[in-house]
Amino acid sequence: MIASLPGVDLFFNDSGGDGVPLVLMHANTGNADSWEMQTRPFAAAGFRVIAFDRRGWARSVPRPDTGPQPGSIAEDLDALATHLALPRFHLLGVAGGGFAALDYAAWRGDRLLSLVVGASYGQFIDPAITEPYSRIATPAFKALPSEMRELGPTYRGFEPAGLARWIAIDRNAMREDGTPQPLRSPNSFAKIATIGCPALVIAGGADLYAPPRLMRLWASHLTRREFQVIPDAGHAINWEAPELFNAMVLDFLKGR
């Protein structure tokens, strides 16, 4: 489906139904298809599941004639929620989608029931994050193929079909006419301390971008938080360990 919003024809999938909405925000290396192992289980649990391609990714076409570019992910999400007349909803973002989920939750917490962030360093500006992250994400590391950076070694070694599918989705991530969208405002510890809704943070024990210790640093500034670790998962946490990831998310949401 396509929603014509200011600045973008935004592609989204919507499971429909009368369940409480659950909005999914993909990583920089993905698109809405990255949630194919979450959509059915979450819908079967009673949620109305919505996943969209971010502006300039895959099937979401930037429209300079209808709004300024590149806009922000948070503002596109808010426009989509208004377009769909969503009641208060749950928001889940992984990796780069987690940056935007935190940005949105600090801005429009009035629209949220809860927040889930997985495998994300959060794009924080605080030195407690930027200093260790500069030694984690070095130029040599960033030069590696995306599957080497994003997927854990166990998954790459033992799941060839899943590896091939992940690579195919990644190669259909950002469009040629796409431009990375900035956050609406920089993420900081002080900013996320204002988030009032319950939050679940899930780290991957084999995540080369956002190891658990780094994620615990920023998660400690959320006022209402739970923290979980999936030991053998890398950065593509929902893709590599869908059964455990889904179970953690659903257990948290049902407790809300």
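Residues numbered from 1 in each chain as written. Predicted model: local features only at pLDDT ≥ 70, side-chain atom pairs only at ≥ 80, totals over all residues. Heavy atoms only, no water.

1. Considering the overall build of the protein chain
- Broken down by element type, the protein chain carries 12 helices and 9 strands.
- Taken over the C-alpha trace, the protein chain has a radius of gyration of 17 Å; the compact-globule value for 256 residues is 18 Å, and the two agree within 12%.
- Oriented by its inertia axes, the alpha-carbon framework of the protein chain measures out at about 40 × 40 × 40 Å.
- By residue count, 55% of the 256 residues in the protein chain fall in the buried class.
- Of all intrachain contacts in the protein chain linking residues separated by at least 6 positions in sequence, the fraction that spans at least 24 positions is 77%.
- Carbon and sulfur atoms form 55% of the exposed surface of the protein chain, whose accessible area is close to 10,700 Å².
- Across the protein chain, 24 positive and 26 negative side-chain charges occur, with their mean positions spaced 4 Å apart. (Helix = DSSP H or I, 4+ residues; strand = E, 2+ residues; numbered from the N terminus. Rg over C-alpha atoms; globule rule 2.2 N^0.38 Å. Buried < 20%, exposed > 50% of the residue type's maximum accessible area, 1.4 Å probe, protein only. Contact = heavy atoms within 4.5 Å. Areas by Shrake-Rupley, 256 points an atom, 1.4 Å probe, with all protein chains shown as cover. Lys, Arg positive; Asp, Glu negative; His and termini not counted. Charge placed at Lys NZ, Arg CZ, Asp CG, Glu CD.)

2. Here's the deal with the packing of aromatic side chains
- One pass over the structure, following the stated rule, counts 7 aromatic pairs.
- With a centroid separation of 5.8 Å and 90° between ring planes, the pair formed by tyrosine 104 and tryptophan 107 is classed as edge-to-face. Pair noted here: tyrosine 104 and tryptophan 107 are both in helix 3 (residues 96-107), with a separation of 3 residues, about one helical turn.
- For tyrosine 104, a relative accessible area of 0% puts it in the buried group.
- In this structure an aromatic cluster arises from ring pairing among Phe89, Tyr104 and Trp107.
- The lysine or arginine in question, arginine 54, covers the ring of tryptophan 57, its NZ or CZ lying 4.5 Å from the ring centre. (Phe/Tyr/Trp six-rings, centres within 6.5 Å; stacked < 30°, edge-to-face > 60°. Lys NZ or Arg CZ within 6 Å of the ring centre and 35° of its normal.)

3. Observations concerning helix 12 (residues 242-254)
- For helix 12, with 13 residues, the first-to-last C-alpha span of 18 Å sits near the 18 Å given by 1.5 Å per residue.
- Listed as buried for helix 12 are Pro242, Phe245, Asn246, Met248, Val249, Leu250, Phe252 and Leu253. (Expected span 1.5 Å × (residues − 1).)

4. Some words on the pairing of strand 2 (residues 8-14)
- When you tally the buried positions in strand 2, you get 6 out of 7 residues, the bulk of the element.
- Note: strand 1 (residues 2-5) against strand 2, 4 bridges, orientation antiparallel. Along strand 2, the bridge assignment pairs leucine 5 with valine 8.
- Pairing analysis gives 3 bridges linking strand 2 to strand 4 (residues 48-52), with the strands arranged antiparallel. Within the sheet, the bridge partner assigned to asparagine 13 lies in strand 4 and is alanine 51. (Pairing = 2+ DSSP bridges.)

5. Thoughts on helix 3
- Look at helix 3: 17 Å from first C-alpha to last across 12 residues, which is about the 16 Å you get at 1.5 Å a residue.
- Residues of helix 3 that are buried: Gly96, Gly97, Gly98, Phe99, Ala100, Ala101, Leu102, Asp103, Tyr104 and Ala105.
- Where the residues of helix 3 are buried, they touch strand 3 (21-25), helix 2 (73-83), strand 6 (89-94), strand 7 (112-118), helix 9 (189-192) and helix 10 (212-219).

6. Quick word on unusual backbone geometry
- In the segment running from glutamine 69 into proline 70, the intervening peptide bond is cis, with an omega of 0°.
- Relative to the helices and strands, proline 70 resides in the loop between strand 5 (61-62) and helix 2.
- With a phi angle near 55°, alanine 85 is a residue other than glycine that sits in the positive phi range.
- Its identity is not glycine, yet alanine 95 carries a phi of approximately 50°, on the positive side.
- Counting through the fold element by element, alanine 95 comes out in the loop between strand 6 and helix 3.
- Using a relative accessible area of 4% as the deciding quantity, one classes alanine 95 as buried.

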